[in-house]
Amino acid sequence: MSSNARPLRDDGSGGDFSPEPLSLEDLFHKYGIERSHADNVARNALELFEILAPVHGLGSEFQQLVEMAALVHDAGVATDFENHHRAGRDILLRHPPSELPERLWPVVAWTAFLHKKKVGNKKIEGLKGKAFGNMPEDLQDVTLKVAALIRLADALDYSRMGSRLGKVTFKARQIRFEIIGQGAAVDAERMYKKGDLWHLLYDTELEFKPQLQK
């Protein structure tokens, strides 16, 4: 980072600075990202990406973006646990994953910002007044769609007990997921809460049911 780079403001902007991309491995090492959780969230995100593709409409060219966003969504945890969504955004604006095209760098940063707190219409409107609103509209749209998937994928590993997606049932404007594992009840409830952004974006309702333990 250049010595004259300005610190990021709370809206994620930082004046004149040039991002210095880092490889995924360097990001894991430098910022102490919890690898097992990151890998689980990436697995979950890719599975949800495929299952929900008819609804979210993101093409296969965004698959790597979703995986990368999942792997680094917690980049700010070791820096500032309570506000790790903000810390992660700032880290990833400075040091985006070098494996991604430059155009997609801000998507990963703002996905990290959006993965933690409750998301409603007011929050999305508020983003327009931040640096988020300076992105091209198509990238704003992609960011919200990716963040909706990452929120669900993160919630599925909330218990850290290896929950997985089970049977998926498609109905008219409704998709039911069975959640499997010892932490299924906890993680299904968390997915319901973290599905807020999904339900703002789409009229297809997601339902999460823990599978009864036999």
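Note that the structure is a prediction, hence the values are computed from the model and not measured.

J.: When you look at the sheet that holds strand β1 (residues 164-171) in this model, what are you seeing that I'm missing?
T.: Hydrogen bonds between backbone atoms are what pair the strands of a sheet, whose relative direction is either parallel or antiparallel. Taken in spatial order, the three strands of this open sheet run β1-β2-β3, and their pairing is mixed. Each having just a single partner strand, β1 and β3 (205-210) make up the two edges of the open sheet. For this sheet the average axis-to-axis angle between neighbouring strands, irrespective of direction, equals 20°. Of the strand pairs in this sheet, strand β2 (residues 174-180) and β3 are connected by six bridges, and their pairing is parallel. Across the sheet, F177 pairs through a bridge with F208, a residue of β3. Lying over the sheet, helix α2 (residues 35-51) contacts β1 and β2, oriented at roughly 15° with respect to β1. Set on the sheet, helix α9 (residues 184-194) makes contact with β1, β2 and β3; between it and β3 the angle comes to about 165°.

J.: When you look at the pairing of β2 in this model, what are you seeing that I'm missing?
T.: The two faces of the sheet receive side chains in turn, since in a regular strand these alternate between them. Pairing geometry for β1 and β2, over six bridges, is antiparallel. Across the sheet, L165 pairs through a bridge with I179, a residue of β2. Linkage of β1 to β2, two consecutive antiparallel strands, is achieved through a turn of two residues, within which R173 is found at a positive phi near 55°.

J.: So what exactly am I meant to see when it comes to helix α5 (residues 84-94) here?
T.: Because the α-helix completes a turn every 3.6 residues, residues three or four places apart line up on one side. Most of α5 is tucked away, with nine of its 11 residues classed as buried. Those residues of α5 that sit buried are H84, H85, A87, G88, R89, I91, L92, L93 and R94. Looking at the buried side of α5, the elements it contacts are α1 (24-31) and α6 (105-114).

J.: Even after reading the chapter, I still don't get the side chain of T111, so can you show me in this structure?
T.: One can find T111 in helix α6. Residue classification places T111 among the buried residues on the basis of a relative accessible area of 0%.

J.: What is the right way to look at the packing of α5 against α6 in this model?
T.: Interaxial distance between α5 and α6 falls to 7 Å at its minimum, and their mutual angle equals 175°. Classified by the interaxial angle, the pair formed by α5 and α6 is roughly antiparallel. Mapping the contact onto sequence places H85, R86, G88, R89, L92 and L93 in α5 and V108, A109, W110, A112 and F113 in α6. In the contact of α5 with α6, the residues fall into seven nonpolar, two polar and two charged.

J.: Is there a simple way to think about the packing of aromatic side chains in this case?
T.: Aromatic ring pairs: the centre-centre distance and the angle between the two ring planes describe each pair. Using the criterion set out here, one finds four aromatic pairs in the structure. Aromatic side chains F177 and F208 sit 5.8 Å apart centroid to centroid with 20° between the ring planes, which places their arrangement in the stacked category. You can see F177 sitting in strand β2 and its partner F208 sitting in strand β3, a full 31 residues away along the chain. Classification of F208 as buried rests on a relative accessible area of 9%. Ring geometry for W198 versus Y202: centroids 4.1 Å apart, planes at 45°, classification tilted. Assessed through its relative accessible area of 0%, W198 is described here as buried. Cluster of aromatic residues (ring-pair linked, three or more members): W110, F113 and F132. For the cation-ring pair, R35 lies above F28, with the distance from its terminal atom to the ring centre recorded as 4.3 Å. Between the NZ or CZ atom of R190 and the centre of the ring of Y158, over which it lies, the distance is 4.2 Å.

Rules used throughout
Residues numbered from 1 in each chain as written. Predicted model: local features only at pLDDT ≥ 70, side-chain atom pairs only at ≥ 80, totals over all residues. Heavy atoms only, no water. Pairing = 2+ DSSP bridges. Helix = DSSP H or I, 4+ residues; strand = E, 2+ residues; numbered from the N terminus. Axes fitted to C-alpha atoms, helices over the stretch in contact; angles between N-to-C directions. Contact = heavy atoms within 4.5 Å. Buried < 20%, exposed > 50% of the residue type's maximum accessible area, 1.4 Å probe, protein only. Parallel < 35°, antiparallel > 145°, perpendicular 65-115°, else oblique. Nonpolar A, V, L, I, M, F, W, Y, C, P; charged D, E, K, R; others polar. Phe/Tyr/Trp six-rings, centres within 6.5 Å; stacked < 30°, edge-to-face > 60°. Lys NZ or Arg CZ within 6 Å of the ring centre and 35° of its normal.

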